[in-house]
Amino acid sequence: MSGEGQAGTVVAGLFETENAETARGSRAPLPRPRRWSPSSWILPAYAILAFIFLLIPIAYTFIFSFNDSLKSNISWRGFTFDKWLNVCAVQNGAVCEAFANSIVIGVVATVVATILGTMIAIAIVRYRFRARSGISLLLFLPMATPEVVLGAGLAAQFLAFGVPKDMLTIILAHTMFCISFVVVTVKARVASLDPALEEAGRDLYGSPTQVFLRVTFPLLLPGIIAAALLSFALSFDDFIITNFNSGSVMTFPKYIYISASRGIPAEANVIASAVFLFAIALVLVAQISQAARRRKLAKQG
Amino acid sequence: MAASQFADSGADLTLVGIQKRFPGFTAIEDLNLEIPAGSFFALLGPSGCGKTTTLRLVAGLEEPTAGRILIGGKDVTSTKPHQRPVNTVFQSYALFPHMTILENVAFGLRRRKVSDPVNRAHEALRLVELDHLAARKPQQLSGGQQQRVALARAIVNRPALLLLDEPLGALDLKLRRQMQLELKTIQEEVGLTFLHVTHDQEEAMTMADTVAVMNKGQIEQMGAPEALYELPHTAFVANFLGQSNLFTGEVVESTSAVVAVDVAGIRVAVPVARAQRHAGAVTVGVRPEKLAIHRDAPPADSGTNVLGPGRVIDVSFSGVSTQYLVAIPGAGTIVVFSQNREFGPISHVGDDVWISWNVEHSFGLADVPDEVQRFAGDTDTKSIAAQRREALIAELED
Ligand SMILES: Nc1ncnc2c1ncn2[C@@H]1O[C@H](COP(=O)(O)OP(=O)(O)OP(=O)(O)O)[C@@H](O)[C@H]1O
Ligand SMILES: [Mg+2]
């Protein structure tokens, strides 16, 4: 799928901070080569090249969000903060509207997919029922199927049943493919959960509801959060499936795609950069609070 | 069940015809057990004999395939774990990793809405000497500390019936003795019923009112520790609880007072009341510390069993006592414990000696020890196959 690579990396980074507690602290310093040999510069040079290659599109997007462009944002015309300050002013706020739609769709699809997916994951790991392995396999299919096929197939079904295409159809489509990712992520967490803990909860007078709320759910939470972030990232930058099922509703990726033919306005760069910065900030906050908590614990002794 | 109050006394536990089958494996077969209210009951047995499974059945974490469980006279077979007035100290501790030690201990109190859970939890933690670590998470504790938290978490609820699955296994000797004392005090003060699983025979015998020895999903023998030790009924109990010297022979004499068997031409007698069987091949046993070593043949006497002469093949000093291994032709190798009343051993390797003991100290077993040594937990497929084959051969020969 299209931009999921980046989204996945950001989410993985966030998720890692949840579990990094044990892995840290035992990092030995790398041995340094003594003489100037090819092996001492090939690796760094390769790493730098790879990073440049990865970061060029992001850097380009970010820099051109400050371009004092007119209609199309292709050649550099001078530095300005205008676009950042008046994001919604252009084209009667079309950019902002598309962005808001994407956020609403992402949030709703994420909430629904996370709830359903978590329930499915618990059922698949904990209970033995007929067609259990068959269902696990079917849940993998949406991830393996090309998005074009999913999008087109779904669009055909909506057409056949006469469902008008609007926000709701987009949300349904996104929920559908997000569930698979949630199930896979949460399933791993459920499988690593020691059943003895829930038994201890039941033994200590916890009713099934209380045991779920006080023992199972808190222990699954890191997995559920990771799944939700992944879902949101997938939904937010999905274009292909959305394009098939959106009718006239504009989402942010769709807006960019459509305006690409007549020149993407710098305001789109602003929003894209803002989203990127927001994700970076999120990762940083998670890392820093984690480090602070560790230091606090270390001090407590 | 009124689970919102602390139990003011223990409840009795009755297991009737319990059977537990796992897919392809019967862990417990026809288990009958009665534990009176307020007693300290210890369950001993080799690894894999079904002790944990028994506790899980009582706690409600496992459903019996057949049979009934009664706690305080009420049939709880079909009730859920949280409805039973029972708490468990789990063999694997099972502390909640996302809660502090304090919250772990207060968990049961909060679920039952007991007043002032925090102070009660602190009190329980003081009992196991861990109150200073109340704010930590379980991962930040040592194994022994975690075990003590598990103990506090169960005991703080003062349940009518407390199930302890090797609750002191990870503690050093001093701490273990101390915790044993604490447990016994709590149990006696409140009059709770304890069902205690342990590998430590000494622990079982010093703490429990009643000890049951379990083997392959069944109770082989139960009774007061002293009775169990002095009068084992089966070869398994005789060897599992302490050590025993066992002699098997045909009964050659049976009067109203004694039964005597022939062991390599020597008469070995056991009082009729202490023998489980009185005819055919009978195994007679005696504890190593009941034996006396003689350098000269002791005079024959109807009240004494004498074996010998034999040769001392090993002498090992262990502080309070010395252990001698004496090889007697026809009777096998005999273990003798002798108190070190004098400096130095009373005989040396290579000496020819006689062994004697009071007939009253013999016990007659209901079965004959297996030729094939049964190791604890011999439930891997290979040994099961071997046992099946042996059983089949024995059946075909009949
Ligand atoms: N869920 C299960 N499925 C199949 N077999 C099981 C299951 N749980 C236990 N068993 C088997 O039942 C037997 C008794 O197990 P149990 O845990 O009660 O042993 P134990 O007496 O507590 O041993 P230990 O002293 O090693 O703790 C073992 O042979 C074990 O392999
Ligand atoms: Mg066990």
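Reading guide: rules and limits
- Each chain carries its own residue numbering, running from 1 in the direction its sequence is written.
- Chains carry letters from A onward and ligands carry numbers from 1 onward, assigned in written order.
- This being a predicted model, a pLDDT of at least 70 is required before a residue's local features are given, and a value of 80 or more before pairs of side-chain atoms are given or counted; all residues contribute to the totals for chains, interfaces and linings.
- Note that water and hydrogens are dropped before the side-chain values are worked out from all heavy atoms of the structure.
- Strands are runs of DSSP state E lasting at least 2 residues, helices are runs of H or I lasting at least 4, and numbering of each runs from the N terminus.
- Partly exposed describes any residue whose relative accessible area lies between the buried limit of under 20% and the exposed limit of over 50%, with all areas from a 1.4 Å probe on protein chains only and scaled to the type maximum.
- Throughout, a residue-residue contact means that at least one pair of heavy atoms, one from each residue, lies within 4.5 Å.
- Neither His nor the chain termini are counted; the positive set is Lys and Arg, and the negative set is Asp and Glu.
- A single reference atom marks each charge: NZ on Lys, CZ on Arg, CG on Asp, CD on Glu.
- Domain start and end points were adopted from an automatic or database domain assignment.
- Each metal's donors are the N, O and S atoms found within 2.8 Å of it, except that Na, K and Ca use a 3.2 Å limit; water is left out, so coordination can look incomplete.
- Here the rule is simple: two strands pair whenever DSSP picks up at least two bridges between them.
- UniProt positions are given in the numbering used here, feature names are shortened, and annotations may be inferred rather than shown by experiment.
- By nonpolar core is meant a set of buried Ala, Val, Leu, Ile, Met, Phe, Trp, Tyr and Cys residues that side-chain atoms within 4.5 Å join together.

1. Section: the overall build of chain B
Of the regular secondary structure elements, chain B holds nine helices and 20 strands. If one aligns the C-alpha atoms of chain B with their principal axes, the spans along those axes are about 75 × 55 × 40 Å. Burial status across chain B gives 49% buried among its 398 residues. When contacts within chain B are restricted to residue pairs at least 6 apart in sequence, those whose partners lie at least 24 apart make up 67%. Charged side chains of chain B number 36 positive and 46 negative; the gap between the two group centres comes to 10 Å.

2. Observations regarding the domain arrangement of chain B
One can read the domain layout of chain B as domain 1 (3-226) and domain 2 (238-397). The straight-line distance from the C-alpha centre of domain 1 of chain B to that of domain 2 of chain B is 37 Å.

3. Notes on the coordination of the magnesium ion (ligand 2)
Ideal values for angles at a metal depend on the geometry: 109.5 degrees with four tetrahedral donors, 90 or 180 degrees with six octahedral donors. All names here are of chain B. The protein atoms donating to the magnesium ion (ligand 2) are T52 (OG1) and Q91 (OE1), with metal-donor distances spanning 1.8 to 2.4 Å. Of this pair, T52 sits in helix 1 (residues 51-59) while Q91 sits in the loop between strand 6 (86-89) and helix 2 (101-111); the two residues are 39 residues apart in sequence, bridging distant segments of the chain. Residue T52 is classed as partly exposed on the basis of its relative accessible area, which comes to 29%. Q91 sits in the partly exposed class, given a relative accessible area of 39%.

4. Comments concerning the sheet that holds strand 11 (residues 245-254) of chain B
Residue and element names in this part refer to chain B. The strand order across the open sheet formed by five strands is 13-12-11-14-20, and the pairing between neighbours is antiparallel. The sheet is open, and its two edges are formed by strand 13 (266-271) and strand 20 (363-364), each paired on a single side. Pairing geometry for strand 11 and strand 14 (residues 281-286), over six bridges, is antiparallel. Its bridge partner lying in strand 14, N245 is registered against V286.

5. Topic: the UniProt feature "domain: ABC transporter" (unreviewed entry) in chain B
Under the local residue numbering, the UniProt record ascribes the feature "domain: ABC transporter" (unreviewed entry) to residues 13-241 of chain B. Across residues 13-241 of chain B one finds 35% helix and 27% strand; the C-alpha atoms that close the span lie 24 Å apart.

6. Focus: the nonpolar core
L13, L15, I69, I71, F96 and L163 of chain B are the most contacted members of the largest nonpolar core, which has 64 residues in total. With nine residues, helix 7 (residues 167-191) of chain A is the single largest residue contributor to this core. Those residues within four positions of L163 of chain B in sequence are excluded, and the remaining contacts are L55, V58, A59, V86, N87, T88, V89 and L195 of chain B. Judged by nonpolar contacts, the second largest core, of 48 residues, contains A124, V128, L192 and A208 of chain B.

7. A short note on the pairing of strand 16 (residues 304-317) of chain B
Residues and elements named next belong to chain B. In this sheet, strand 19 (residues 352-358) lies alongside strand 16 in antiparallel orientation, the contact comprising six bridges. By the bridge assignment for strand 19, G310 is matched with V353. Note that strand 16 and strand 17 (residues 321-328) share six bridges and pair antiparallel. Bridging from a neighbouring strand, S316 pairs with Q323 of strand 17.

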